[in-house]
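Here is how the chains run, residue by residue.
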Amino acid sequence: MTVRDTIQNAKKIVIKFGSNSLAKADGTINLDFMNQIAEECSRLIAMGKQVIIVSSGAQVAGLSSINGWAHKKDMHYRQALCAIGQVELMDKWRAAFQQESLHVAQLLFIKEDFEDYHHTLNMRNTLFTLVDEGVVPIINENDSVSFEENSIGDNDNLSALTAILWSADLLILFSDIDGVYTDNPKTNSDAKLVETVTDIPELLKKITLGNTNSFGTGGIRTKIQAAEKTTASGIPLVLANSRNKNPLSSLVDGSQSGTLFVPKDFNLAKA
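Throughout what follows, the structure given in this document is the object of discussion. Because the structure is a prediction, the values reported are computed rather than measured. (Residues numbered from 1 in each chain as written. Predicted model: local features only at pLDDT ≥ 70, side-chain atom pairs only at ≥ 80, totals over all residues. Heavy atoms only, no water.)

**Points about the packing of aromatic side chains**
Put simply, the test is: In this scheme Phe, Tyr and Trp rings, the latter by its six-membered ring, pair at centre separations within 6.5 Å, and the angle between planes marks the pair as stacked below 30 degrees, edge-to-face above 60, and tilted otherwise. Strands here are runs of E lasting at least two residues and helices are runs of H or I lasting at least four, both read from the DSSP assignment and numbered beginning at the N terminus. Buried, partly exposed and exposed residues are distinguished by accessible area as a fraction of the type maximum, computed with a 1.4 Å probe on protein chains only: under 20%, between the cut-offs, and over 50%, respectively.
One pass over the structure, following the stated rule, counts five aromatic pairs. Summarising the aromatic geometry, the rings of Phe 17 and Trp 93 are spaced 6.1 Å apart at their centres and angled 40° between planes, so their arrangement reads as tilted. Of the two residues, Phe 17 sits in strand 1 (residues 12-17) while Trp 93 sits in helix 5 (residues 75-98), which places them 76 residues apart along the sequence. In this structure, Phe 17 and Trp 93 share a single accessibility class: buried. Both rings, one in Phe 17 and one in Phe 174, keep their centres 5.3 Å apart while their planes meet at 5°; by these two values the pair is stacked. Of this pair, Phe 17 sits in strand 1 while Phe 174 is found in strand 5 (residues 170-175), placing the two residues 157 residues apart along the sequence. Of the two residues examined, Phe 17 and Phe 174, each falls in the buried class. An aromatic cluster of three or more residues is present, and its members are Phe 17, Phe 33, Trp 93, Phe 97 and Phe 174.

**Brief notes about the pairing of strand 1**
The cut-off we apply is this: Strands qualify as paired when DSSP identifies two bridges or more between them.
Taking burial as the measure, the six residues of strand 1 include six buried ones, the bulk of the element. Here strand 1 shows two buried faces, one formed by Lys 12, Val 14 and Lys 16 and the other by Ile 13, Ile 15 and Phe 17. Sheet analysis places strand 1 next to strand 5, joined by five bridges and oriented parallel. If you follow Ile 13 over to strand 5, its bridge partner there is Leu 170.

**Quick word on unusual backbone geometry**
Both trends apply: most residues other than glycine have a negative phi, and most peptide bonds are in trans. In the Ramachandran plot, Ser 101 falls in the positive-phi region, its phi being about 60° despite a non-glycine side chain. Positionally, Ser 101 belongs in the loop between helix 5 and strand 3 (104-109). If you check the backbone angles, Ser 167 has positive phi at about 55° while not being a glycine. By the element assignment, Ser 167 lies in the loop between helix 7 (155-166) and strand 5.

**Notes on the nonpolar core**
Which entries qualify depends on this criterion: Nine residue types can take part in a nonpolar core, namely buried Ala, Val, Leu, Ile, Met, Phe, Trp, Tyr and Cys, and a core is a set of them joined through side-chain atoms within 4.5 Å. What makes two residues a contact is simply this: any of their non-hydrogen atoms within 4.5 Å.
Ranked by internal contacts, the top residues of the largest apolar core, which has 38 residues, are Ile 15, Phe 17, Ile 53, Trp 93, Phe 97 and Ile 172. For this core, the leading source of residues is helix 3 (residues 31-46), giving six residues. Other than its neighbours up to four places away in sequence, Trp 93 contacts Phe 17, Leu 22, Met 34, Ile 37, Ile 53, Ser 55, Val 104 and Ile 138. In this structure, Val 14, Ala 163, Val 197 and Ala 226 belong to the second largest nonpolar core, which totals 37 residues.

Quick look at the structure:
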């Protein structure tokens, strides 16, 4: 089983972009990248696939608008910055998809939304309605109102919860590395890419987990946590590099590698 085969056979796809995917080297938002992703998502939709995006980047977008707050670490400033940035982030996604004649919709969730039956039912119905009408839902955690006790904490796990809620066929996590390595490839040239994972506990015995990077709240640990969630629900997960040329299309045509997490007893024919 390959990443290409899995994508080709999936109809309902959740795609997650972290802050590092959306940020340029100077920390401002990468508009060219967002335009490219909108174009590639449009191609997927033209192939008959349905797409939901989970997008980080509210804080990055906020800093792009009010860079004087860059060094303010107080929680209230951070939440206010996310409130400002979320507007900017969605405006950029709206403009990007508008070029492809596609509408977008914003949904902001917190942990409690996934724990309340009525909330999850309404969330699920809204997602189905939007996608069925050709609208691309764009989801983020509601960082402006969340706090430690009710926060999901990272969008890797948020995207996994979303994929399960929507009964997706596939979750794609885009990061700044090609996939799961035996060690950090940025510091260890001998690190090897793990292309397929069928046993996550066994994987954890063989790899070294690193720390998060400067922009993101996750790291390889949260991506594996996301894979544990999705594969337990029968949903494969692909971890790939967003910084390669045409990152989504290159996964579709097989020219980019990644790490594929395969659910136990997964039947590709049912994807």
